[in-house]
Amino acid sequence: MKRTQKLFTLALAAALSWATLGDAIYAQEPAAPAATEAAATDTAPPAADAKIAPTLEQRINVLEAYLTNGDPTASLKTDKDKDGNPAIPEGLLAATPTAANSGPGHNGWMMTCAALVLFMTLPGLALFYGGLVRRKNVLSVCAQCLACSGLVTILWWAFGYSLVFGTNFGSPFLGGSEFFFLKGVSSTPNTNYSFWVSENVFSMYQLMFAIITPGLIVGAIAERMKFSAIMIFITIWMFAVYFPMAHMVWGATGYMNGVWNGSAAIKAIDFAGGTVVHMTSGWSALILCMILGKRLGFGKEKMAPHNMVLCMVGTGMLWVGWYGFNAGSAVSADGIAANAFMTTTLAAATAGFAWAMLEAILKGHPSILGFCSGIVAGLVVITPACGFVNATGAMIIGVLAAVIPFIFVVYLKNVFGYDDALDTFGVHAVGGTLGAILTGLLANGVSNPNLTEVNGYAKTNGLAQIVADHGLIIEQLKAVGLTLVISIVATVIIAYALKFTLGLRPTPEVETAGLDLSEHNEEGYVL
């Protein structure tokens, strides 16, 4: 009896859901004339444009697809196209779920995640970096974060989204031109990336990644680069580094998109941006800070953070926002997103505690800066792995995320003498590289079935077999190597071109007085 009631309830829910969806679809066209009794007995096939009502089973399958973040058209493909591939009968074409609006649950989650990722930059990163610089430069860092948000949004609207997530170039390195100026980007899902999330929401979510990536570079060159030079550098860098890298890793025709491109040359995986975001920004930051040169008085004057409270508040905002960054990269509110949420928490908390304990053992006291640095390092290193590893893998990542970046930040920076002002290289470049490598060692098909032959793309390009044979580390190392080459070469060319034309640094007098007054005519504190 209970089983019958359950089936009846499910069928009723499916019918109601389909009916609601159908209203939206059929409202687009006039209803077909009702068949006469004579026509009902006619044996002639239905007209090509006649609507065929989906069966109850198909309706239930569509509802299940929504709940499991699957293809809503799969059960409707009872016909064959000219190439012999499964296809939806012509009469059902007007009734496919992808012709209507996206799923409200997945869409609502992704809008929330987009806001969380923006929250990472504004005000999270601005406060985190702002607290770490000297008080005379706090507003310059805030201005740079704000400017990144505006500049990158304009670039994304005009060209960026299309170059990353378009496909009409047929290229593994850049997407296409079909979405220039967000043409055609509407509430209908782009099924190359999601069956249930509106493309306009997806595009805005990905915009937030594009905003924060160049913002991270600011940390390495803080307090000593002209605002105008930073803006021009970021503009060129987005086209030379970020847009190609994002397409190669996440685009439907991407060169390194092992999960979702059956023709990927490098079968690498990157769940939320270890290579795209952290490696590109971190390695570019190192090269740029070396070409730029050290701050005046570096190594001679005290350059301690001016406000650790701001830094701590910014760290908390980054951690909270990072759930949108990592869990949101599932592009759905499903089990993979839930796993990413868990692994992100474990890695961040473990790394923050471990870094501070290393300080306590080696320096005699745990510092707030140590806690903050460890938390951010844990978040960085788990980023590429968060949707592919289990809880044990996250704990391993958390410990290593504290130890390896700690060595670079506390010891090796002094050995090599580069002025990475706010440790962008030590945390983001080292952490992103470490995360990409550890993903190759710890990712598994149990945590994410998309790494198995259940995913047709992974079966076609061989990723599923590579993961099963524990050979993913080779593909990850290939992706790391290509990311290094692109980031370093492009940054060298852009930085030197600007240095010999516009100039990178303000005058010594401006730098000594501070960038807040000199470049923005404001002060962070008026006491």
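Because the structure is a prediction, the values reported are computed rather than measured. (Residues numbered from 1 in each chain as written. Predicted model: local features only at pLDDT ≥ 70, side-chain atom pairs only at ≥ 80, totals over all residues. Heavy atoms only, no water.)

**Regarding the nonpolar core**
Counting residues in hydrophobic clusters, the biggest one holds 137 residues, and the most contacted among them are Phe 128, Trp 156, Met 225, Phe 233, Met 238, Tyr 242 and Phe 325. Here the element with the most residues in this core is helix H8 (residues 227-250); it accounts for 15 residues. Non-local contacts of Met 238, meaning those with residues more than four positions away in its chain, are made with Val 152, Leu 155, Ala 210, Pro 214, Phe 243 and Pro 244. (Core = buried A, V, L, I, M, F, W, Y, C linked by side-chain atoms within 4.5 Å. Buried < 20%, exposed > 50% of the residue type's maximum accessible area, 1.4 Å probe, protein only. Helix = DSSP H or I, 4+ residues; strand = E, 2+ residues; numbered from the N terminus. Contact = heavy atoms within 4.5 Å.)

**Topic: the pattern of salt bridges**
On inspection of all chains with the given rule, the structure shows nine salt bridges. Ionic pairing is found between Lys 478 and Glu 475, a salt bridge with its closest N-O pair at 3.2 Å. Here Lys 478 and its partner Glu 475 are both found in helix H17 (residues 472-499), three residues apart, which amounts to about one turn of the helix. Members of the salt-bridge network, linked through shared partners, are Arg 134, Glu 223, Arg 224, Arg 295, Glu 301 and Asp 419. (Salt bridge = Lys/Arg side-chain N within 4 Å of Asp/Glu carboxyl O.)

**Considering the confidence of the model for the chain**
When pLDDT drops low, the exact placement of atoms in the prediction is not to be read closely. With 88% of its residues at a pLDDT of 70 or more, the chain has an overall mean of 90. Low pLDDT (under 50) marks residues 4-43, which in the prediction has 26 contacts with non-local residues, meaning those over four places away or in another chain. (pLDDT = per-residue confidence, 0-100.)

**Observations concerning unusual backbone geometry**
That bond from Leu 122 to Pro 123 is cis: its omega, 10°, falls within 30 degrees of zero. We note that Asn 69 has phi near 60°; this positive angle belongs to a residue other than glycine. Tracing the backbone shows Asn 69 in the loop between helix H3 (56-68) and strand S1 (79-80). Phi angles above zero are rare outside glycine, and Asp 423 is one such case at about 65°. Within the secondary structure, Asp 423 sits in the loop between helix H13 (391-416) and helix H14 (424-442).

**Brief notes about the packing of H8 against H17**
Interhelical geometry of H8 versus H17 gives an angle of 160° and a closest axis separation of 10 Å. Accordingly, the angle class assigned to the pair H8 and H17 is roughly antiparallel. In the packing of H8 onto H17, the handedness of the crossing is right-handed. Here Ala 229, Ile 232, Phe 233, Ile 236, Trp 237, Ala 240, Val 241, Met 245 and Met 248 of H8 lie close against H17, whose contacting residues are Leu 482, Thr 483, Ile 486, Ser 487, Ala 490, Thr 491, Ile 494, Ala 495 and Leu 498. (Axes fitted to C-alpha atoms, helices over the stretch in contact; angles between N-to-C directions. Parallel < 35°, antiparallel > 145°, perpendicular 65-115°, else oblique. Left-handed = near helix turned anticlockwise from the far one by under 90°.)

**Examining the packing of aromatic side chains**
How two aromatic rings sit relative to each other is set out by the distance from centre to centre and by the angle between their planes. Within the structure shown, the criterion is met by 31 aromatic pairs. Taken together, a centroid distance of 6.2 Å and an interplanar angle of 80° make the contact between Trp 260 and Tyr 457 edge-to-face. Taken together, the residues Trp 260 in the loop between H8 and helix H9 (274-292) and Tyr 457 in helix H15 (residues 456-461) connect sequence positions 197 residues apart. (Phe/Tyr/Trp six-rings, centres within 6.5 Å; stacked < 30°, edge-to-face > 60°.)

**Observations regarding H3**
For H3, spanning 13 residues, the distance from its first C-alpha to its last is 18 Å, which sits close to the expected 18 Å at 1.5 Å a residue. Residues of H3 that are buried: Gln 58, Ile 60, Val 62, Leu 63, Ala 65 and Tyr 66. Two residues or fewer after H3 comes Asn 69, characterised by a positive phi angle close to 60°. (Expected span 1.5 Å × (residues − 1).)

**Some remarks on the side chain of Asp 270**
Mapped onto the fold, Asp 270 is located in the loop between H8 and H9. In this structure the side chain of Asp 270 is engaged in a polar contact, spanning 2.5 Å, whose partner is the side chain of Thr 275. In this structure, Asp 270 is in contact with Val 249, Trp 250, Thr 275, Val 276, Pro 384 and Phe 388, ignoring residues within four places of it in sequence. (Polar contact = N/O pair within 3.5 Å; in protein donor to acceptor, adjacent residues only side chain to side chain.)

**Regarding the environment of Val 276**
Relative to the helices and strands, Val 276 resides in helix H9. Given a relative accessible area of 0%, Val 276 falls into the buried group. Sequence spacing of Val 276 and Val 241 is 35 residues, and the spatial spacing of their C-alpha atoms is 8.9 Å. In contact with Val 276, not counting residues within four places along its chain, are Thr 213, Tyr 242, Met 245, Ala 246, Val 249, Trp 250 and Asp 270.

**Digging into a nonpolar patch on the surface**
Side chains of Ile 361, Leu 362, Val 399, Val 403, Ile 407 and Tyr 411 sit close together on the surface and give an oily, nonpolar patch of about 530 Å² of accessible area. When contributions to the nonpolar patch are tallied by element, the ones reaching two or more residues are helix H11 (335-363) and H13. The leading source of residues in the nonpolar patch is H13, at four residues. For Val 399, the location among the structural elements is in helix H13. The exposure class of Val 399 is partly exposed, given its relative accessible area of 40%. (Patch = residues over 30% accessible without salt bridge, like charges linked within 9 Å, V, L, I, M, F, W, Y side chains within 5 Å. Areas by Shrake-Rupley, 256 points an atom, 1.4 Å probe, with all protein chains shown as cover.)

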